[in-house]
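An overview of the molecular structure
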Amino acid sequence: MARTLRRVVIRLLLTLASAAPVSAQSHARPTTQALGQAPIQTASAASAFPAGADTSQIASDALTWLPSLIRINTTNPPGNELVAAKYVAGILDKEGIHSEIFESAPGRGFLVARLSSSALPDPSKALLLIAHLDVVGVEKSKWSVDPFGAVMQDGYLYGRGALDDKGMLAANLAVFIQLKRSAARLNRDVIFLAEGDEENGGAQGIQFAVDKHWDKIAAGFAINENGRVIVKDGKPVYIGIQTDEKVAINVDVIATGTAGHASAPRKDNPVTHLAAAMARIGAFEAPVQFNSVTRAFFEGLAPTQDEDTRKWLQALGTPDRGEHAARIISDENPAWNAMLRDTATPTMLQAGVRQNVVPSEARGVVNVRLLPGNQLEPVLAKLRQLVNDPAVRFEVEPGGGEAAPSSSQAGDLYRTIAQVAAQKFPGAPVLPYMSTGFSDSWELRMRSVQAYGFVPFPLTEEDWARVHGDNERIPVDSFRKGVDVLYAIVSNFAVAK
């Protein structure tokens, strides 16, 4: 209820006056585009951008900070992010940069620092560099190295958070400090934000920062996680700039029956009813839907693929072969499948108290991811129809998200990211990207911030598959390259020419 009321208040405020007003032109939402009308940046269009400064030293410095951050265990829950925040504060203090830490709960909260362009801040122009301090848990026995040991091995840095999201945090920190070291003459404030609780809903992190301390982080523009620089066989394939993301909602699936002794089985055993229900949900496949972002993405992706995959990507959306093409593409890449449709994924099961006792209740969780603008009820109606069991009911968990406005593909920051990325990774198309994962950019977009997800490290699909999985790692050379790319973006956007 509190979160719903907060959203209503935010929307009312936005219609009257935003805390960080931005021009209507820069924040216009993109209109629906037909296939073939997406802005795709190429290296030749980036010639107006200078090559940038030497970032080798700051990247080396960041490669000492990142292992230290990984060794600070910020698994959420419980989070413990303030230990990492204080470590970052110490680094900033040595560079002569003042920072502030705000505690949302014992051991929880965020750090913020600012490089000012003038005596009077202009939030509508400010650039926010955001990354989160917390990480997901690990199954330590499944890792080949200590997940919190920050092990360097074969050109990779291993550790939980190496990619999600302490790598981005260290790169943001490097760029922020390099601006200070170089005495850059800024044309807008640059704000560094290291926040927590991203992996568990954000109540103690970005929600706290936005609700209680918006004046500290108010900005017109932001760079956050998500987005991609995908490489294959050492060559860049495509660059994806995240302008939108799917909406995450958790649904409890609850089966009830009669408790009793396992030696006398009953047909109303809730464990078997739940298992059958979850199997049917796991086979659920929603119809394919496109929006302007996914149409542009798949069209731009097609020329980068092998002949067979390219053929089916180009057939997506066609009346005669579109359905068959979607099946082939979905089987080839789970992420592509999730970009094409709403999804409902069984993630948790819980039942029983003893091996010889039939419980009266069995529970599961289904993680639903909706395409922006879609509603939950049609998906739930289909799941109820598939399960078709009066012993099973569905309950929507509180705190589910809702669609935020897309960030503009025509704005100044998008254009800067696209042009610099095209210059740094020549030959790779730059595409708008809708992430299937949820991020803290949602809260920023609800405040009219033009937030873009862009992880600047060139990575393979296999590298990305380790996020939230075992043996998460980042290639050291990719991290160095990412620092260089991110610095070029920020300096071209925020440093006076």
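Cut-off values and rules
Residues numbered from 1 in each chain as written. Predicted model: local features only at pLDDT ≥ 70, side-chain atom pairs only at ≥ 80, totals over all residues. Heavy atoms only, no water. Pairing = 2+ DSSP bridges. Helix = DSSP H or I, 4+ residues; strand = E, 2+ residues; numbered from the N terminus. Axes fitted to C-alpha atoms, helices over the stretch in contact; angles between N-to-C directions. Buried < 20%, exposed > 50% of the residue type's maximum accessible area, 1.4 Å probe, protein only. 1 Å grid on protein atoms, 1.4 Å probe; cavity = no way out; pocket = protein on both sides within 12 Å on 5 of 7 lines; lining within 4 Å. Points joined across faces, edges and corners; volume = space filled by probe spheres on them. Expected span 1.5 Å × (residues − 1). Arc of directions from axis to C-beta. Contact = heavy atoms within 4.5 Å. Polar contact = N/O pair within 3.5 Å; in protein donor to acceptor, adjacent residues only side chain to side chain. Parallel < 35°, antiparallel > 145°, perpendicular 65-115°, else oblique. Left-handed = near helix turned anticlockwise from the far one by under 90°. Nonpolar A, V, L, I, M, F, W, Y, C, P; charged D, E, K, R; others polar. Core = buried A, V, L, I, M, F, W, Y, C linked by side-chain atoms within 4.5 Å. Salt bridge = Lys/Arg side-chain N within 4 Å of Asp/Glu carboxyl O.

The strand order across the open sheet built from three strands is β4-β5-β19, with neighbouring strands paired in antiparallel fashion. Taken across any chain shown, the strands that pair with only one partner, and hence form the sheet edges, are β4 (151–153) and β19 (473–475). Neighbouring strand axes in the sheet, compared pairwise and without regard to direction, differ in orientation by 25° on average. Examined bridge by bridge, strand β5 (residues 156–158) and β19 share three bridges and lie antiparallel to one another.

This brings us to the pairing of strand β16 (residues 430–435). Across the six residues that make up β16, a large majority, six, are buried. Side chains V430, P432 and M434 of β16 all project onto a buried face; the interleaved residues L431, Y433 and S435 project onto the opposite face, where all are buried too. Sheet topology note: the strand β9 (residues 235–245)/β16 ladder contains six bridges and is parallel. Its bridge partner lying in β16, Q242 is registered against Y433.

Right, let's talk about the layout of surface pockets for a bit. As a volume, the second largest pocket reaches approximately 270 Å³. For the lining of the second largest pocket, the secondary structure elements donating two or more residues are β8 (228–232) and β9. Here the lining of the second largest pocket gets three residues from one element, more than from any other, and that element is β8.

Between its first and last C-alpha atoms helix α6 (residues 270–282) spans 18 Å; for 13 residues at 1.5 Å apiece the expected length is 18 Å, and the two agree. Among all positions in α6, only P270, H273, L274, A277, M278 and I281 are buried. Down the axis, α6 shows its buried residues gathered within 130° of arc, on one side only. More than 90 degrees from the buried face of α6, the exposed residues found are A279 and G282. On its buried face, α6 is in contact with β10 (247–256), β12 (343–351), β13 (357–358), β14 (361–370), α11 (376–387) and β15 (392–396). Regarding α6, its N-cap is N269, as a side-chain oxygen of that residue lies 2.8 Å from the backbone nitrogen of V271 further along.

Here E95 lies in the loop between α3 (81–94) and β1 (99–105). Sequence separation between E95 and I177 is 82 residues, and the spatial gap between their C-alpha atoms is 7.2 Å. Apart from residues lying up to four places away in sequence, E95 is in contact with I177, K180 and R181. A polar atom in the side chain of E95 sits 2.8 Å from the side chain of R181.

A word on the packing of helix α12 (residues 412–424) against helix α15 (residues 476–494). Orientation of α12 relative to α15, taken along the N-to-C sense of each, is 140°, at an axis distance of 9 Å. Judged by the angle between their axes, α12 and α15 are oblique. When you trace α12 past α15, the crossing you get is right-handed. Contact with α12, carried on its side by D412, L413, T416, I417, V420 and K424, involves K481, D484, V485, A488, I489, N492 and F493 of α15 and no other residues of that element. Counted by class, the contact of α12 with α15 contains seven nonpolar, two polar and four charged residues.

With 98 residues, the main nonpolar core has L92, I223 and F479 as its most contacted residues. Excluding its chain neighbours within four sequence positions, the residues that come into contact with L92 are I97, S99, L111, A113, L173, F176, I177 and F192.

Enumeration according to the criterion identifies 21 salt bridges in this entry. One salt bridge in this structure joins E245 and R445, with 3.8 Å as the shortest N-O distance. Residue E245 is found in strand β9, and its partner R445 is found in helix α13 (residues 441–445); the two are separated by 200 residues along the sequence. The pair E245 / R445 is uniform in exposure class, with both members buried. Here the residues in one salt-bridge network are E462, D463, R466 and R473, joined through shared partners.

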